[in-house]
Amino acid sequence: MGEKAKYRAADIRAWLITAAGIDGEAARRAGRAIADAWNAHEFYASATCLPLAAALSASRLPPARLDDLADRLAQAFGTHLHDVAAWDREPHWRKEISR
């Protein structure tokens, strides 16, 4: 039998809309990407922050909110993000969002 998903995209989407002011469609895309990553036990900063950065941009919100938003999201869902380049699958993810 398959393992039940601990993190639901709809729950993350709802949090992004209500707590962070992310637009609905951007929150849906980010919620799905983040839930998929977290359910695969990928708690790297890039797996969470890249979709969040895209959602902030699509919602025309300041990218400076990214780190605080990622921390608040992780706390809300009882997880911890690893922001250690040596552990991350995409260690240079911050360069991708600064373009």
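You'll find the structure just up there.
A brief look at the structure comes next. (Residues numbered from 1 in each chain as written. Predicted model: local features only at pLDDT ≥ 70, side-chain atom pairs only at ≥ 80, totals over all residues. Heavy atoms only, no water.)

Before going further, it helps to spend a moment on the packing of helix H3 (residues 45-58) against helix H4 (residues 66-76). Contact geometry of H3 with H4 gives a least axis separation of 10 Å together with a crossing angle of 120 degrees. Here H3 is positioned oblique relative to H4, judged by the angle of their axes. For the crossing formed where H3 meets H4, the hand is right-handed. Within the contact between the two elements, H3 uses Thr48, Cys49, Leu52, Ala53 and Leu56 and H4 uses Leu66, Leu69, Ala70 and Leu73. By residue class, the composition of the contact of H3 with H4 is eight nonpolar, one polar and no charged. (Axes fitted to C-alpha atoms, helices over the stretch in contact; angles between N-to-C directions. Helix = DSSP H or I, 4+ residues; strand = E, 2+ residues; numbered from the N terminus. Parallel < 35°, antiparallel > 145°, perpendicular 65-115°, else oblique. Left-handed = near helix turned anticlockwise from the far one by under 90°. Contact = heavy atoms within 4.5 Å. Nonpolar A, V, L, I, M, F, W, Y, C, P; charged D, E, K, R; others polar.)

We now examine the environment of Leu69. With respect to the secondary-structure elements, Leu69 resides in helix H4. A C-alpha to C-alpha distance of 7.2 Å links Leu69 and Ala20, two positions 49 residues apart in sequence. Contacts of Leu69, omitting those with residues within four sequence positions, involve Trp15, Ala20, Ile22, Leu52 and Leu56.

Along the chain, Ala5 turns up in the segment before helix H1 (9-20). For the pair Ala5 and Ala35, spaced 30 residues apart in sequence, the C-alpha separation works out to 8.5 Å.

Turning to the nonpolar core, a few remarks are in order. Core analysis: the largest hydrophobic core is formed by 27 residues, its most contacted members being Ile12, Leu16, Ile22, Trp38 and Leu52. Elements supplying a minimum of two residues to this core: H1, helix H2 (24-39), H3 and H4. Each residue touching Ile22, except ones within four places of it in the same chain, is listed here: Leu16, Ile17, Ala27, Ala55, Leu56, Ser59, Leu61 and Leu69. (Core = buried A, V, L, I, M, F, W, Y, C linked by side-chain atoms within 4.5 Å. Buried < 20%, exposed > 50% of the residue type's maximum accessible area, 1.4 Å probe, protein only.)

Moving on to the environment of Asp71. Within the secondary structure layout, Asp71 lies in helix H4. Residue classification places Asp71 among the partly exposed positions, given a relative accessible area of 47%. The sequence separation of Asp71 and Ala45 amounts to 26 residues, and the corresponding C-alpha distance is 9.9 Å.

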